[in-house]
Every structure is written in structure tokens, then in C-alpha cells.
Amino acid sequence: MTHYIGIAGTNAAHSTNRQLIAYMKQHFADQATIDIAEIGGWPLFMKNPGKKLPAQATALAKQIEEADGVIIATPEYDHAVPAVLSSALAWLSYGIDPLAGKPVMIVGASYGSLGTSRAQAQLRQILDSPEVRASVMPSSEFLVGHSLDAFDENGDLKDPQLVAPLDVLFKEFGVFGKITQELVGSLAAIKKQASSVNWVKD
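On a predicted model such as this, the values are computed, not experimentally measured, just so you know. (Residues numbered from 1 in each chain as written. Predicted model: local features only at pLDDT ≥ 70, side-chain atom pairs only at ≥ 80, totals over all residues. Heavy atoms only, no water.)

Caption draft 1: Looking closely at helix H4 (residues 117-127). Taken residue by residue, H4 has Ala119, Gln120, Leu123 and Leu127 as its buried positions. The buried side chains of H4 occupy one side of the element, clustering within an arc of 100° when seen end-on. The elements touched by buried residues of H4 are strand E3 (69-73), helix H3 (83-91), strand E4 (103-109), strand E5 (135-136) and strand E6 (142-144). (Buried < 20%, exposed > 50% of the residue type's maximum accessible area, 1.4 Å probe, protein only. Helix = DSSP H or I, 4+ residues; strand = E, 2+ residues; numbered from the N terminus. Arc of directions from axis to C-beta. Contact = heavy atoms within 4.5 Å.)

Caption draft 2: Broad picture of the nonpolar core. Ranked by internal contacts, the top residues of the largest apolar core, which has 31 residues, are Ile7, Leu60, Leu99 and Leu127. Going through the elements one at a time, strand E1 (2-8), helix H2 (55-66), E3, H3, E4 and H4 are the ones with two or more residues in this core. Top element by residues in this core is H3. It accounts for six residues. Residues in contact with Leu127, not counting those within four places in the same chain, are Ile72, Leu89, Leu99, Val104, Ile106, Val132, Arg133, Ala134 and Val136. (Core = buried A, V, L, I, M, F, W, Y, C linked by side-chain atoms within 4.5 Å.)

Caption draft 3: Representation of the UniProt feature "domain: NADPH-dependent FMN reductase-like" (unreviewed entry) in the protein chain. In the numbering adopted here, UniProt assigns the feature "domain: NADPH-dependent FMN reductase-like" (unreviewed entry) to residues 5-147. Its end C-alpha atoms 22 Å apart, residues 5-147 is made of 31% helix and 20% strand. (UniProt positions renumbered as here; feature names shortened; annotations may be inferred.)

Caption draft 4: Here's a closer look at the packing of aromatic side chains. Inspection of the entire model under this criterion finds seven aromatic pairs. An angle of 25° between the planes, with centres 6.5 Å apart, marks the rings of Phe173 and Phe176 as stacked. On the criterion of helical spacing, the pair formed by Phe173 and Phe176 is a turn pair, its members being three residues apart in helix H5 (residues 160-181). Residue class for Phe173 comes out buried when judged on its relative accessible area of 1%. Taking the relative accessible area as the measure of exposure, Phe176 reaches 16% and is therefore buried. Linked through ring pairs, Tyr4, Phe28, Phe170, Phe173 and Phe176 together constitute an aromatic cluster. (Phe/Tyr/Trp six-rings, centres within 6.5 Å; stacked < 30°, edge-to-face > 60°.)

Caption draft 5: Examining unusual backbone geometry more closely. Its identity is not glycine, yet His79 carries a phi of approximately 65°, on the positive side. On the secondary structure map, His79 appears in the loop between E3 and H3. Phi angles above zero are rare outside glycine, and Ser139 is one such case at about 50°. By the element assignment, Ser139 lies in the loop between E5 and E6.

Caption draft 6: A look at the pairing of E4. Counted residue by residue, E4 has seven buried out of seven residues, so it is predominantly covered. Looking at chain direction, E3 and E4 are connected through four bridges and run parallel. In the strand pairing of E4, Ala73 is matched with Val107. The β-α-β motif built from E3, the intervening H3 and the parallel element E4 has right-handed crossover chirality. As paired strands, E4 and E5 are joined by two bridges and run parallel to one another. By the bridge assignment for E5, Val104 is matched with Val136. Pairing geometry for E4 and E6, over three bridges, is parallel. Bridge pairing in E6 links Gly108 to Leu143. (Pairing = 2+ DSSP bridges. Right-handed = clockwise from strand over helix to strand, strands pointing away.)

Right under this line is the structure:
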């Protein structure tokens, strides 16, 4: 069965983005397994001699390498991704390249009416950077607005008009992942480019 890593891009104890990933894990259980990864508690990214990585980054990098794809649920703070997510992605591209060429789907939930549209746009830019070089699924924005009221007591999305497009996007992500795998001939070059970035100079 297809295996994904779901990253809850938050360090909040109670997060509707974690709820969204948990819902996807349960809702799509017959199509894929989704292991939820937490990034709360990671040290803030800081360059260091020898490019030493925190154990959390090394462990998650291994999980990502072994997975068929990654799903990232991002909150939006001040029109941007949370600092904890940006920092984690920096660690995951600091002398390592687990996300290079890896299929990635972006989703997000927000208390406001606009969902996480601006944060998702910024996250796409980060994932497309020379250091990361992920294969982000195009035209796949999924937004949950007013997220405090979006889930029922069982953790399911209440609105069928939200569930229907998510079903379509998840199916398309499976197809996108298979297409991406067909590009394995260029994967070595992608990883080489990602790992060749000079982190010594700002």
C-alpha cells in the first residue's frame, strides 16, 4: 500500500492542522497509510560547524526517504508559514536532501475565512528552493477556513463540499506520485543540485 508521511506544521498542543492530517489518515486508510510526524520541540535552525543535525531531523529524514510522498498541513501566521515549520525544513535541507524529488501535497486549516492560502504559496516557494527541490503537486491548494467549526466530535470534516475536492486531490496525488517516480532518471541530478548548495556563506 502507498505510504505517506504527514507533517503537522505546528508546535501548538491543539491544532486544527493536526486534526486535518489525522482526518486524512483515517479517511483515506483504504488507499494509503499516513504516519503523522511532529516537529514541535525541534531546536531552532542554526548553522553550525560540521553541519550537525538534531536527532529529530535525522529520524524524520529517514522516514521521508522511505515514504512514497509527503503531506504537509500548514497553519498561517501573519500571511506566512509558522517559524517552527520553516526551521524544520531548513534542518531537512542542511547537508541532507530527503525531500529532493519527493512528491509533496500541501493542505492547511485556519481559524479565518481564507484558509491558509498565503502560507501555502510561501511553502511552495520554500519547497521549490535549490536547497529543498521537492516535487510539489501543482494546482492542489486545499483550504479549510473557520477550522474551529470545521470538524465534528469524531474529528471528521462536517462539510461535504470540503470532503469532495479533498477526495479528488488525494486521488490525483497518488497519480502525481507515480508520475514523479517515472522521473527517477533525473532524481540523482536533483539530489546533487540540492546537496551542492553552499551553506557556509549567507
